[in-house]
Amino acid sequence: MKFVILIAFIGILGALAAAGFFMLRNGSRDGRGPNMARALAVRVGVSVALFLIILLCWKLGWIHPTGLPLKS
């Protein structure tokens, strides 16, 4: 599970870096382009998928929240 989360975070950061690269490389006035939009869409998609995977693992009992200890 830790490996999947690590790969997802690397994918999120990679897509964000690609969007920044395409924004800086594009010579137009507003800095927007189809490649930048696609990279940002990939970043959002991977983030949502990671959230759903974590939620599913919690529902199946594979991971347990630890939280803060309660004071008695």
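Residues numbered from 1 in each chain as written. Predicted model: local features only at pLDDT ≥ 70, side-chain atom pairs only at ≥ 80, totals over all residues. Heavy atoms only, no water.

The chain is annotated in an unreviewed UniProt entry as DUF2909 domain-containing protein from Pelomonas aquatica.

*Asks:* Lay out the overall build of the chain in plain terms, naming residues and giving numbers.
*Replies:* When helices and strands are counted, the chain shows two helices and zero strands. Here the C-alpha radius of gyration of the chain, 17 Å, is well above what a compact globule of 72 residues would show, namely 11 Å. Projected onto its principal axes, the C-alpha positions of the chain cover 60 × 25 × 15 Å. The 72 residues of the chain split such that 12% are buried. Of all intrachain contacts in the chain linking residues separated by at least 6 positions in sequence, the fraction that spans at least 24 positions is 56%. Looking at the chain as shown, the accessible area adds up to about 6,000 Å², and 73% of this sits on carbon and sulfur atoms. (Helix = DSSP H or I, 4+ residues; strand = E, 2+ residues; numbered from the N terminus. Rg over C-alpha atoms; globule rule 2.2 N^0.38 Å. Buried < 20%, exposed > 50% of the residue type's maximum accessible area, 1.4 Å probe, protein only. Contact = heavy atoms within 4.5 Å. Areas by Shrake-Rupley, 256 points an atom, 1.4 Å probe, with all protein chains shown as cover.)

*Asks:* Which residues make up the UniProt feature "transmembrane region" (unreviewed entry) in the chain, and what values go with them?
*Replies:* Look at the UniProt record and you will see "transmembrane region" (unreviewed entry) annotated at residues 41-62. Along residues 41-62 one finds 91% helix and 0% strand; the C-alpha atoms at either end are 29 Å apart. (UniProt positions renumbered as here; feature names shortened; annotations may be inferred.)

*Asks:* An account of helix 2 (residues 34-60) is requested, with residue identities and associated values reported.
*Replies:* The end-to-end C-alpha distance of helix 2 is 38 Å, a good match for the 39 Å that 27 residues give at a rise of 1.5 Å each. Among the residues making up helix 2, those that are buried are Met 36, Ala 39, Leu 50 and Cys 57. Contact partners of the buried residues in helix 2: helix 1 (2-25). Following helix 2 by one or two positions, Gly 61 has its phi on the positive side, about 85°. (Expected span 1.5 Å × (residues − 1).)

*Asks:* With reference to specific residues and values, describe helix 1.
*Replies:* Between the first and last C-alpha of helix 1 there are 34 Å, a value that for 24 residues agrees with the 34 Å anticipated at 1.5 Å per step. On its buried face, helix 1 sits against helix 2.

*Asks:* Requested: an account of the packing of helix 1 against helix 2, with residues and values cited.
*Replies:* Between helix 1 and helix 2, the least distance of the axes is 8 Å, while the angle of their chain directions is 165°. Taken together, the axes of helix 1 and helix 2 lie roughly antiparallel to each other. Crossing handedness for the pair helix 1 and helix 2: left-handed. Here helix 1 contributes Ile 5, Ala 8, Phe 9, Ile 12, Ala 15, Leu 16, Ala 18, Ala 19, Phe 22, Met 23 and Arg 25 to the contact with helix 2, which in turn contributes Asn 35, Met 36, Ala 39, Leu 40, Val 42, Arg 43, Val 46, Ser 47, Leu 50 and Ile 54. (Axes fitted to C-alpha atoms, helices over the stretch in contact; angles between N-to-C directions. Parallel < 35°, antiparallel > 145°, perpendicular 65-115°, else oblique. Left-handed = near helix turned anticlockwise from the far one by under 90°.)

*Asks:* Now, about a nonpolar patch on the surface: what can you tell me, with residues and values included?
*Replies:* A cluster of nonpolar residues, Val 44, Val 48, Phe 51, Leu 52, Leu 55 and Trp 58, forms a patch on the protein surface that exposes about 570 Å² of accessible area. Accessibility expressed as a relative area gives 54% for Phe 51, which makes it exposed. (Patch = residues over 30% accessible without salt bridge, like charges linked within 9 Å, V, L, I, M, F, W, Y side chains within 5 Å. Salt bridge = Lys/Arg side-chain N within 4 Å of Asp/Glu carboxyl O.)

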